[in-house]
Amino acid sequence: VQLVESGGGLVQAGGSLRLSCAASGRTFSSGAMGWFRQAPGKEREFVAAISWSGGTIYYADSVKGRFTISRDNAKNTVYLQMNSLKPEDTAVYYCAAEGLVGGTRGTDFGSWGQGTQVTVSS
């Protein structure tokens, strides 16, 4: 599966961004999809994941209530709506596919995008 993220950018604290991840290649509708992020000098961390049906969703505690993950299998796309952004949300955001249901570790996913930069100014 090939993944291409878009929608990153610079936003003020309290603002919103919507990330998109377009998939191509093997069947998109199989496997969980997820978003991870990596800030400078920090390890990659889990943000959110969604099962192929959309019925199972997980969020990191740090984004719960502010971020929403969704997917449109007809468009082969997964989204991450980010509201009430904080400076600590600044990171490169990566889309991941071919994941295990309930997986929240990087090793639970088989394919990765190149990442999109999100910068939140204070």
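Just so you know, these numbers come straight off a predicted model, no measurement behind them.

Conventions used here
Residues numbered from 1 in each chain as written. Predicted model: local features only at pLDDT ≥ 70, side-chain atom pairs only at ≥ 80, totals over all residues. Heavy atoms only, no water. Core = buried A, V, L, I, M, F, W, Y, C linked by side-chain atoms within 4.5 Å. Buried < 20%, exposed > 50% of the residue type's maximum accessible area, 1.4 Å probe, protein only. Helix = DSSP H or I, 4+ residues; strand = E, 2+ residues; numbered from the N terminus. Contact = heavy atoms within 4.5 Å. 1 Å grid on protein atoms, 1.4 Å probe; cavity = no way out; pocket = protein on both sides within 12 Å on 5 of 7 lines; lining within 4 Å. Points joined across faces, edges and corners; volume = space filled by probe spheres on them. Nonpolar A, V, L, I, M, F, W, Y, C, P; charged D, E, K, R; others polar. Pairing = 2+ DSSP bridges. Axes fitted to C-alpha atoms, helices over the stretch in contact; angles between N-to-C directions. Disulfide = S-S within 2.5 Å.

*Asks:* Quick rundown of the nonpolar core? Include the residues and the values.
*Replies:* Formed by 33 residues in total, the largest nonpolar core has its most connected members in Trp35, Leu80, Met82 and Tyr93. Within the residue set of this core, elements represented by two or more residues are strand S3 (17–24), strand S4 (32–38), strand S5 (45–50), strand S7 (67–72), strand S8 (77–82), strand S9 (91–99) and strand S11 (116–121). What methionine 82 contacts, discounting residues up to four positions off in sequence, is Gly15, Ser16, Leu17, Leu19, Arg66, Phe67, Tyr93 and Val118.

*Asks:* Help me get a handle on empty space enclosed by the protein, residues and values and all.
*Replies:* Over the atoms, a rolling probe the size of a water molecule traces out where space has been left empty. What the rule picks out here adds up to 1 cavity of 30 Å³ or more. Counted as a void, the largest cavity has a volume near 40 Å³. Contributing to the lining of the largest cavity are Ala32, Ala49, Ile50, Ser51, Thr56, Tyr58, Leu100, Val101, Gly102 and Gly103. Of the residues contributing to the lining of the largest cavity, the split by class is 6 nonpolar, 4 polar and no charged.

*Asks:* Help me get a handle on the sheet that holds strand S1 (residues 2–6), residues and values and all.
*Replies:* Strand pairing in a sheet takes place through backbone hydrogen bonds and is either antiparallel or parallel in direction. An order of S1-S3-S8-S7 is seen for the 4 strands of this open sheet, with the pairing classed as antiparallel. In this open sheet, the two strands that pair with only one neighbour each are S1 and S7. Strand-to-strand twist across the sheet, computed as the mean angle between neighbouring axes with direction ignored, equals 15 degrees. With 6 bridges joining them, S7 and S8 adopt antiparallel strand pairing. What sits directly across from serine 70, in S8, is tyrosine 79.

*Asks:* How would you sum up the state of the cysteines? Please name residues and give values.
*Replies:* Evaluation of the coordinates by the stated rule reveals 1 disulfide. With a sulfur-sulfur separation of 2.1 Å, cysteine 21 is cross-linked through a disulfide to cysteine 95. Between cysteine 21 and cysteine 95 the disulfide shows an S-S torsion of about -80 degrees. By sign, it is left-handed. One end of the pair, cysteine 21, is in strand S3; the other, cysteine 95, is in strand S9, with 74 residues separating them in the sequence. Using a relative accessible area of 0% as the deciding quantity, one classes cysteine 21 as buried.

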